[in-house]
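Residue-level structural notes
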Amino acid sequence: MKNFLVKNLNTEIGNQSVKGGTVSVGFIVDTLGKCTDIHVIKLIEFVLDEEVKRIIYFSPPWIPAEQAGKKVKAYRIQPITFAKP
């Protein structure tokens, strides 16, 4: 995930930020590893919030959770920090 963020996070968005900080985004990882129901839990600034939602939406497949040997949907929270300009 770290390599994906480094390569795909739009650093220009971070430079446009007034506040910086950590955006927390919640989402569901389905049984195929796709992220769905993406929503921002901790709002910082509109441009940062939207960039975090975009990056989670386009992230590579996650490893689905398992319960009793069967893949299941799971809720995740991912914090992403932007440095203050």
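Scoring rules and cut-offs
- Residues numbered from 1 in each chain as written.
- Predicted model: local features only at pLDDT ≥ 70, side-chain atom pairs only at ≥ 80, totals over all residues.
- Heavy atoms only, no water.
- Helix = DSSP H or I, 4+ residues; strand = E, 2+ residues; numbered from the N terminus.
- Buried < 20%, exposed > 50% of the residue type's maximum accessible area, 1.4 Å probe, protein only.
- Lys, Arg positive; Asp, Glu negative; His and termini not counted.
- Salt bridge = Lys/Arg side-chain N within 4 Å of Asp/Glu carboxyl O.
- Polar contact = N/O pair within 3.5 Å; in protein donor to acceptor, adjacent residues only side chain to side chain.
- Contact = heavy atoms within 4.5 Å.
- pLDDT = per-residue confidence, 0-100.
- Patch = residues over 30% accessible without salt bridge, like charges linked within 9 Å, V, L, I, M, F, W, Y side chains within 5 Å.
- Areas by Shrake-Rupley, 256 points an atom, 1.4 Å probe, with all protein chains shown as cover.

**Brief notes about the side chain of aspartate 30**
- Summarising the element assignment, aspartate 30 is placed in the loop between strand S1 (21-29) and strand S2 (35-42).
- In this structure aspartate 30 is buried but unpaired, with lysine 73 as the nearest side chain of opposite charge at 6.9 Å.
- There is a polar contact of 2.9 Å between the side chain of aspartate 30 and the backbone nitrogen of leucine 32.
- A polar atom in the side chain of aspartate 30 sits 2.8 Å from the backbone nitrogen of lysine 34.
- Discounting residues that sit within four places of it in the chain, aspartate 30 has contacts with Thr36, Pro64 and Lys73.

**Focus: the pattern of salt bridges**
- All chains considered together, the criterion is met by two salt bridges.
- Across the pair lysine 53 and glutamate 50 runs a salt bridge whose closest N-O atoms are separated by 3.2 Å. Residue lysine 53 and its partner glutamate 50 are located together in helix H3 (residues 46-57), separated by three residues, close to a single helical turn.
- Residue classification places lysine 53 among the partly exposed residues on the basis of a relative accessible area of 29%.
- A salt bridge links arginine 54 to glutamate 51, with the shortest nitrogen-to-oxygen separation between them at 2.7 Å. In this pair, arginine 54 and glutamate 51 are both assigned in helix H3, three residues apart and thus about one turn of the helix distant.
- Classification of arginine 54 as partly exposed rests on a relative accessible area of 32%.

**Here we look at the confidence of the model for the chain**
- Considering every residue of the chain, the mean pLDDT works out to 89; 96% of them sit at 70 or more.
- Within the chain, helix H2 (residues 11-16) has the poorest average pLDDT of any element, 72, and strand S4 (residues 70-72) the best, 97.

**Some thoughts on a nonpolar patch on the surface**
- A cluster of nonpolar side chains, namely Ile41, Tyr75 and Ile77, defines an oily patch on the protein surface of about 300 Å² accessible area.
- Tracing the backbone shows isoleucine 77 in strand S5 (residues 74-82).

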